[in-house]
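# Per-entry structural report
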Amino acid sequence: MSELFPDEIRTERLQLVRESVAECDLGERYASMSTDAIADGELAYVPLEPFEHLQDAREFVAQREGRMESGDAGTYVVRPRAGEDGGGADGAGAVAGEAELFAIWDERTAFTTFGLRKRFWGRGYSAERAAALLALAFERLDLELVTVTHLVGNENSRRAIEKYVARFDGERVGRFRNQHVVDGEPRDLLRYEIAREDYEGSGERPDPEFVYERVDGRASGGDVA
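Residues numbered from 1 in each chain as written. Predicted model: local features only at pLDDT ≥ 70, side-chain atom pairs only at ≥ 80, totals over all residues. Heavy atoms only, no water.

## Quick word on the confidence of the model for the protein chain
Confidence along the protein chain averages 89 in pLDDT terms, with 91% of residues attaining 70 or more. Every residue in residues 215–225 is under pLDDT 50, and counting partners more than four places away or in other chains gives 23 contacts. (pLDDT = per-residue confidence, 0-100. Contact = heavy atoms within 4.5 Å.)

Right, here's the structure in full:
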């Protein structure tokens, strides 16, 4: 495992848990992003394709595990904690999405990505996850800048990002032309930045719990005692 990034991050309502091929339930991961599970338009602004078979899920988890092991990124499956609304596939322990913090060590910067299943939209999970990763970047990893982008036209991401960027006194940097290809067509990105001095001056202090050794050694969906 990477000693740079925690195995698990716990916030008030979420668990962000490290994944590995050996430990995760590949059937569950496949079911969470299969062609049957993904709603229309859910991946319109995300550079992912639904899983067509179990091997797709295995390759997806293996790639994320490799980034974690190399120290290039903290890669997590996001699950609601006990007490969250919904039941079964929408409640505590369910796969809500994936979060990553990519570190560019020589530049002392990082950027975040987040994919959230449509049935979990509107709960404020993006902001809660972002606050935890900002705390990790600035307070644990000693980085100086965190950036995030979204495709022009992705209004859900724009609203969510603008809220937490404003909360931590960050700013929108600008529009970058033809930075991402979707369905064979180049698309523009909007980029935002939060510097360490912005974060520290905002008066906001997220208080996530960072767990570097999980007791059970497995990516469990429930709370860890």
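After that view of the structure, there is still more to cover.
## Some remarks on the sheet that holds strand β6 (residues 145–151)
On the basis of which strands lie adjacent, the open sheet formed by 9 strands has the order β7-β8-β6-β5-β4-β3-β2-β1-β9 and mixed pairing. Single-partner strands in this sheet number two, and they are β7 (171–182) and β9 (209–211). Averaged over all adjacent pairs, the angle separating strand axes in this sheet is 25°, with direction ignored. Each of β2 (14–18), β3 (73–80) and β4 (97–104) touches helix α2 (residues 54–70); the most contacted strand, β3, lies at about 130° to it. This element, helix α4 (residues 155–167), spans β5 (109–116), β6, β7 and β8 (185–195) of the sheet and lies at about 15° to β8. (Pairing = 2+ DSSP bridges. Helix = DSSP H or I, 4+ residues; strand = E, 2+ residues; numbered from the N terminus. Axes fitted to C-alpha atoms, helices over the stretch in contact; angles between N-to-C directions.)

## Looking at the layout of surface pockets
The computed volume of the second largest pocket comes to approximately 190 Å³. Lining the second largest pocket we find Leu43, Ala44, Tyr45, Val46, Pro47, Leu48, Glu49, Pro50, His180, Val181, Val182 and Asp183. Of the residues contributing to the lining of the second largest pocket, the split by class is 9 nonpolar, 1 polar and 2 charged. (1 Å grid on protein atoms, 1.4 Å probe; cavity = no way out; pocket = protein on both sides within 12 Å on 5 of 7 lines; lining within 4 Å. Points joined across faces, edges and corners; volume = space filled by probe spheres on them. Nonpolar A, V, L, I, M, F, W, Y, C, P; charged D, E, K, R; others polar.)

## Brief notes about empty space enclosed by the protein
Within the structure shown, the criterion is met by 1 cavity of 30 Å³ or more. Considering only enclosed or pocket space, the largest cavity measures out at about 70 Å³ in volume. Forming the boundary of the largest cavity are Thr112, Ala130, Leu133, Leu134, Val146, Thr147, Val148, Tyr164, Val165, Tyr192, Glu193 and Ile194. Put simply, the parts of the chain that give the lining of the largest cavity at least two residues each are α3 (125–140), β6, α4 and β8. Taken together, the residues that form the lining of the largest cavity break down as 9 nonpolar, 2 polar and 1 charged.

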